[in-house]
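# A structural walkthrough
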Amino acid sequence: MQRESETTKDIVVIGAGVVGLSTAIRIQEKGGYRVTIVAETFPTDPKTIRYTSHWAGAHHVSILEMDKETFETMWTDSKHGGPLHGCFLRYNHSEYRSDGVDPTEWLDYMPEFRSIPNDELVPGATRGWTFTTFTLYPPAYLNWLLDRFLTNGGTMVHAQLQHVSQAVHGGISGLPQKPDAIVACIGLGARFLGGIEDKKVYPIRGQTITLKAPWVKYGRTLSGADGSYFYLMPRVNGDVLVGGIRVADDWFPVPRAQDRDYVLAGVLAICPELAPPEIRAKRVPTIDDLRPLIVEEGCGLRPGRIGGIRLETEWLEAGPQSEIPVVYNYGHAGMGFQSSWGSASLALGLLEEALASGKPGTPYH
Ligand SMILES: Cc1cc2nc3c(=O)[nH]c(=O)nc-3n(C[C@H](O)[C@H](O)[C@H](O)COP(=O)(O)OP(=O)(O)OC[C@H]3O[C@@H](n4cnc5c(N)ncnc54)[C@H](O)[C@@H]3O)c2cc1C
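Residues numbered from 1 in each chain as written. Predicted model: local features only at pLDDT ≥ 70, side-chain atom pairs only at ≥ 80, totals over all residues. Heavy atoms only, no water.

## Brief notes about the pairing of strand 9 (residues 219-223)
What counts, and what does not: Working definition: with a 1.4 Å probe on protein chains only, accessible area under 20% of the residue-type maximum means buried, over 50% means exposed, and in between means partly exposed. Helix and strand assignments follow DSSP, with helices taken as H or I runs no shorter than four residues and strands as E runs no shorter than two, numbered in order from the N terminus. Pairs of strands are assigned from DSSP output, requiring at least two bridges between the strands.
Of all the five residues making up strand 9, five are buried; the element is thus mostly covered by neighbouring parts of the structure. When strand 9 meets strand 10 (residues 229-234), the two strands line up antiparallel, connected through four bridges. Within strand 10, the position partnered with Thr221 by the bridge is Tyr231. In this structure, the hairpin formed by strand 9 and strand 10 is closed by a connection of five residues, where Gly227 is found at a positive phi of approximately 90°.

## Some points on the site of the ligand
Keep this limit in mind: Distances are taken per atom, and a residue is near a molecule or strand as soon as one of its heavy atoms is within 4 Å of it. Any N or O atom pair separated by 3.5 Å or less is treated as a polar contact, with the protein-specific requirement of one donor-capable and one acceptor-capable atom, and with residues adjacent in sequence counted only for side-chain atom pairs. Each accessible area is a Shrake-Rupley estimate made with a 1.4 Å probe; only the visible protein chains count as cover when residues are assessed. Side-chain classes are defined by residue name, with Ala, Val, Leu, Ile, Met, Phe, Trp, Tyr, Cys and Pro counting as nonpolar, Asp, Glu, Lys and Arg as charged, and the others, Gly among them, as polar. Here the bounds of each domain stem from an automatic or database domain assignment.
Near the ligand there are 37 residues, and of these Thr41, Ser53, Ala333, Gly336 and Gln338 occur at the shortest range. With respect to the ligand, the backbone of Thr41 contributes an N or O atom lying 2.7 Å from an oxygen atom. The fraction of the free accessible surface of the ligand (1000 Å²) that becomes covered by protein chains is 97%. Elements with a contribution of two residues or more to the shell around the ligand: helix 2 (18-30), strand 10 and strand 13 (294-305). When residues of the shell around the ligand are assigned to their parent elements, the largest contribution, three residues, is made by strand 13. Across the shell around the ligand, the residue classes tally to 19 nonpolar, 16 polar and two charged. The residues that make up the shell around the ligand include at least three from each of domain 1 (4-53 + 140-198 + 307-357) and domain 2 (90-134 + 202-304).

## Overview of the nonpolar core
What counts here: Here, nonpolar core means buried Ala, Val, Leu, Ile, Met, Phe, Trp, Tyr and Cys residues that are tied together by side-chain atoms lying within 4.5 Å of each other.
Counting residues in each nonpolar core, the largest one holds 45 residues, and the members touching the most others are Val13, Ile27, Tyr141 and Leu351. Sorting the residues of this core by element identifies strand 1 (9-14), helix 2, strand 2 (33-39), helix 3 (67-77), strand 5 (127-136), helix 5 (138-151), strand 7 (181-184) and helix 8 (340-357) as the ones contributing at least two each. It is helix 2 that contributes the most residues to this core, six residues altogether. When residues of this core are sorted by domain, at least three fall in each of domain 1 (4-53 + 140-198 + 307-357) and domain 2 (90-134 + 202-304).

## Points about the pattern of salt bridges
Condition: Between Lys or Arg on one side and Asp or Glu on the other, a salt bridge is scored when a side-chain nitrogen of the former is within 4 Å of a carboxyl oxygen of the latter.
Applying the stated criterion across every chain, the model contains 22 salt bridges. When the shortest N-O distance is used, the salt bridge between Glu95 and Arg97 registers 2.6 Å. Comparing Glu95 with Arg97, the two get one shared label, buried. Close ionic contact of Glu273 with Arg220 constitutes a salt bridge, the shortest N to O distance being 3.6 Å. Of this pair, Glu273 sits in the loop between helix 6 (257-270) and helix 7 (277-280) while Arg220 sits in strand 9, and the two are 53 residues apart along the sequence. Overall, Arg220 belongs to the buried group, its relative accessible area being 13%. Linked through salt bridges whose partners overlap, the residues forming this network are Arg205, Asp250, Arg256 and Asp259.

## A few points about the sheet that holds strand 7
Threshold: Orientation is described by lines fitted to C-alpha atoms, with helices fitted over the stretch in contact, and by angles between N-to-C directions that extend from 0 to 180 degrees. The contact criterion used is simple: two residues touch if any of their non-hydrogen atoms lie within 4.5 Å.
The strand order across the open sheet built from six strands is 6-2-1-7-15-14, with neighbouring strands paired in mixed fashion. Sheet topology places strand 6 (155-158) and strand 14 (310-319) at the edges, where each strand pairs with a single neighbour. Going across the sheet, the axis of each strand differs from the next one's by a mean of 25°, ignoring polarity. Here four bridges tie strand 2 to strand 6, and the two strands are oriented parallel to one another. Residue pairing for strand 6: Ile37 is matched across the bridge by Met156. Against the sheet, helix 5 contacts strand 2 and strand 6, and its axis sits at roughly 120° relative to strand 6.

## A look at the UniProt feature "binding site: FAD" (unreviewed entry) in the chain
Rules: UniProt positions are given in the numbering used here, feature names are shortened, and annotations may be inferred rather than shown by experiment.
According to UniProt, the positions carrying the feature "binding site: FAD" (unreviewed entry) are Thr52 and Ser53. Relative to the assigned elements, Thr52 resides in the loop between strand 2 and helix 3. Those residues within four positions of Thr52 in sequence are excluded, and the remaining contacts are Leu301, Arg302 and Pro303. By secondary structure assignment, the location of Ser53 is in the loop between strand 2 and helix 3.

Structure (structure tokens):
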């Protein structure tokens, strides 16, 4: 009879953003796997432009079918008094649009979903919908995921890989000598990592401003006919994150002053209530009234991908006449948090299919 340690499979997950951590946990908690995460940046590291997950909002406004699984999981996590109390905030969200898109099909399962009457629309909107959802505070959430992974017995290895084969052939201290499979959750890194170099992956730059505005307890987005997209989302600590920059192929790594003013003007137009109540009592507020409320500015590069998220398997040479599966799970653009558990489950399915059959699983399209 084989001992359990001999049947347990060694999996290396590359990447410790929200996608890598969630995927590693899904694999661990299925049972039968020993999981090592190797990454250049972990949530415990300082914020850097090379790690997108720290910069997200993050709110949940579903778009993909897989987002539903994440919503269900995080809805439970966001329960008042639960283990993630202090990280999640449930709130009322209003989605306004003038781009002709009707999101009912992918949003109508969200609690208290209804359309907003025309006389309650914000300036610039032609339609609107409202529902209950949540925000989470990314640094706290990511560290909670890492803690869960380590408590489950996972191993973390800090290293920047130059080629995916470095995860296969050993040589990096802490990695298993002969892993059974690799799972690549490398976000924008997929464009550069040798052996993958996926040129369909590109940055979509975002710039955010955190305002201390505890009097705003709701969130709003406006998707304009001209492609503009402004949003504000409240956080559990009384801060409100605002943004409105979504520019493809812009690698600029720090906040720009003109982007800050563009965002402040856009969000003030859809939510004048961001300005302090005592100012609004006296006059119409301007963006100068928001500047003293700024507590942080940041910018992040969303990992966009032509064709959407890559969820598929390939086989990599792992020695004489031997190959191992590499499951890809990257390219989540502006949805990595809300797609995280759903895409982690799909990646686990691909992994198990490949290990069981010795053949690639069915890609997700
Ligand atoms: C301003 C902004 C607002 C956003 N708001 C939301 C929101 O409200 N809701 C939402 O769902 N999403 C939001 N997003 C999107 C979300 O942040 C991303 O989709 C998500 O963070 C992507 O996660 P990831 O794990 O794929 O990538 P990352 O977080 O970038 O992680 C990639 C990991 O791979 C590692 N890696 C890469 N290459 C290598 C290598 N060669 N060797 C070793 N390690 C490597 C990195 O070190 C890192 O650990 C927002 C993004 C931005 C910028």
